Amino acid sequence: MLPEVEVEFERYIANVIPIHLIYIPEMRLVGRDEPEHAVPILVRTRASYAVLSHRWLAEGEVTYSEMMRPRNHRLHTPGYEKLESFCKEAASRYGVRLAWADTCCINRESSSELEESIRSMFKWYRNAHICIAYLAAATSTDDMSQDPWFQRGWTLQELLVPQRIKFFGGGWRPLTSQLYDVILSDGDLEGDEAVSLHAAIEKATGISTFDLETFLPGTHDLPKRLRWAAQRRTAKDEDRAYSLMGIFDVSFSVAYGEGEQRAMFRLFEAIIQQCAHPSIFCWAGKPSFRSDALPSSLECYAGPEDFSWIHRKATIDFSLTNRGLQIKLIVIPGSLT
């Protein structure tokens, strides 16, 4: 390999490829920091990989430590069967030989790897060749909107971000006959199946087909995007804020144990630093203990109110400081009579 090509490829691996990937033919983990193993595989496969989006089981999911064991020594739990089915579909339908799943491709015993993974997950889903979404309780597009997958916090990002998505129902039956069910930035999917599936997604999430297919990360459409997130839950309270970093294109440190309100305040603080738009104040409910100007939780944005009257390019001069919200206002003398 030419030196300049090698440098560029190493840069690509370090910045785009997940820390660990499953090498499907051997069902083993390969690390991007193990060039003697990972680089030849990545070269042969052109670095294409599939990602899994799913609802975690109450128990029996495959962990990182389990995947590090020899294949014939692993426990064949329902979680492992799900992982094998995902890898089989990824390889047979889409021709990829690498895969990523959040249950087993993150070493959660390493705090630095966990933080990098959480802050990079948006990018990893965005760059995947295909996102395979497993809705275990769904049998068709008619009932898919009732699947708990649509109620989880992290799956909002996993719905909006990937370039291509394919939905599978219980027993790994595809919910449509299409190769792809959603293609972002390219709304060319047609037919009754596509209409039915997109109608089910909008029913479950409130996200229109247009918003789904043209999604870009950022702080625009704040109230709408916060409403999308308000109906979702996470196992760890802080993840409600952390799972939105990629959607709003902001970044802040991960600190499990800080509680939901502190994590949410830091999310709002990061959004304000990026975008001085008044729509962030369009909420109703209990205020944050850090500032009366900001809400205590996402539920404060859950109302059906339409804030389209606020011009999307409108800005006001305000900032969050240690003393609270500072905002410049024009005071006009007037009378109550």
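Right above here is the structure, for reference.
What counts and what doesn't
- Residues numbered from 1 in each chain as written.
- Predicted model: local features only at pLDDT ≥ 70, side-chain atom pairs only at ≥ 80, totals over all residues.
- Heavy atoms only, no water.
- Phe/Tyr/Trp six-rings, centres within 6.5 Å; stacked < 30°, edge-to-face > 60°.
- Helix = DSSP H or I, 4+ residues; strand = E, 2+ residues; numbered from the N terminus.
- Buried < 20%, exposed > 50% of the residue type's maximum accessible area, 1.4 Å probe, protein only.
- Lys NZ or Arg CZ within 6 Å of the ring centre and 35° of its normal.
- Contact = heavy atoms within 4.5 Å.
- Core = buried A, V, L, I, M, F, W, Y, C linked by side-chain atoms within 4.5 Å.

J.: Would you mind showing me how to read the packing of aromatic side chains here?
T.: The way to describe two aromatic rings as a pair is by their centre distance and the angle between their planes. In the structure shown here, the tally under the stated rule is 10 aromatic pairs. On the numbers, 5.7 Å between centres and 85° between planes, the contact of W100 with Y125 is edge-to-face. Of this pair, W100 sits in strand β4 (residues 98-100) while Y125 is found in helix α5 (residues 111-127), placing the two residues 25 residues apart along the sequence. Under the relative-accessibility criterion, W100 is labelled buried at 0%. Under the relative-accessibility criterion, Y125 is labelled buried at 0%. By the ring-pair criterion, three or more aromatic residues cluster together here, those being W100, W124 and Y125. One residue, R164, lies across the ring of Y180, its end atom 5.7 Å from the ring centre. Cation over ring: K236 sits above Y256, and NZ or CZ is 4.5 Å from the ring centre.

J.: Is there a simple way to think about the environment of A99 in this case?
T.: Of note, A99 is situated in strand β4. Each C-alpha atom of the pair A99 and I24 lies 6.8 Å from the other, and the pair is 75 residues apart in sequence. If we ignore the near neighbours within four places in the chain, the residues touching A99 are L21, I22, I24, Y49, A50, F86, C87 and C105.

J.: Explain the side chain of R266 here, please?
T.: By the secondary structure assignment, R266 is in helix α12 (residues 260-274). Residue class for R266 comes out buried when judged on its relative accessible area of 18%.

J.: Explain helix α9 (residues 222-230) to me, please; I cannot follow it from the model alone.
T.: Turn by turn, an α-helix covers 3.6 residues, leaving residues three or four places apart pointing in a common direction. The buried fraction of α9 amounts to seven of the nine residues, a majority that puts the element mostly inside the structure. Structurally, α9 contributes buried residues whose contacts are with α6 (154-160), α7 (192-205), α8 (209-213), α10 (239-242), α11 (245-248) and α12.

J.: Is there a simple way to explain the nonpolar core in this structure?
T.: In a soluble, globular protein the nonpolar side chains are often hidden away together inside. Core analysis: the biggest nonpolar cluster contains 97 residues, and I22, M144 and F167 have the highest contact counts within it. Looking at which element gives the most residues to this core, the answer is α12, with eight residues. Apart from the residues within four sequence positions on either side, F167 is in contact with A133, L135, M144, W149, L159, P174, L175, D181, V182, L197 and I201.

J.: For this particular structure, what's the right way to read unusual backbone geometry?
T.: In terms of backbone geometry, most residues other than glycine have negative phi values and most peptide bonds are trans. Backbone geometry at W172 places phi at a positive 60°, although glycine is not the residue there. Relative to the helices and strands, W172 is located in the loop between β6 (164-169) and β7 (173-174). Positive phi is not limited to glycine here, since D221 has a value of about 55°. Examined against the element boundaries, D221 turns out to sit in the loop between α8 and α9.

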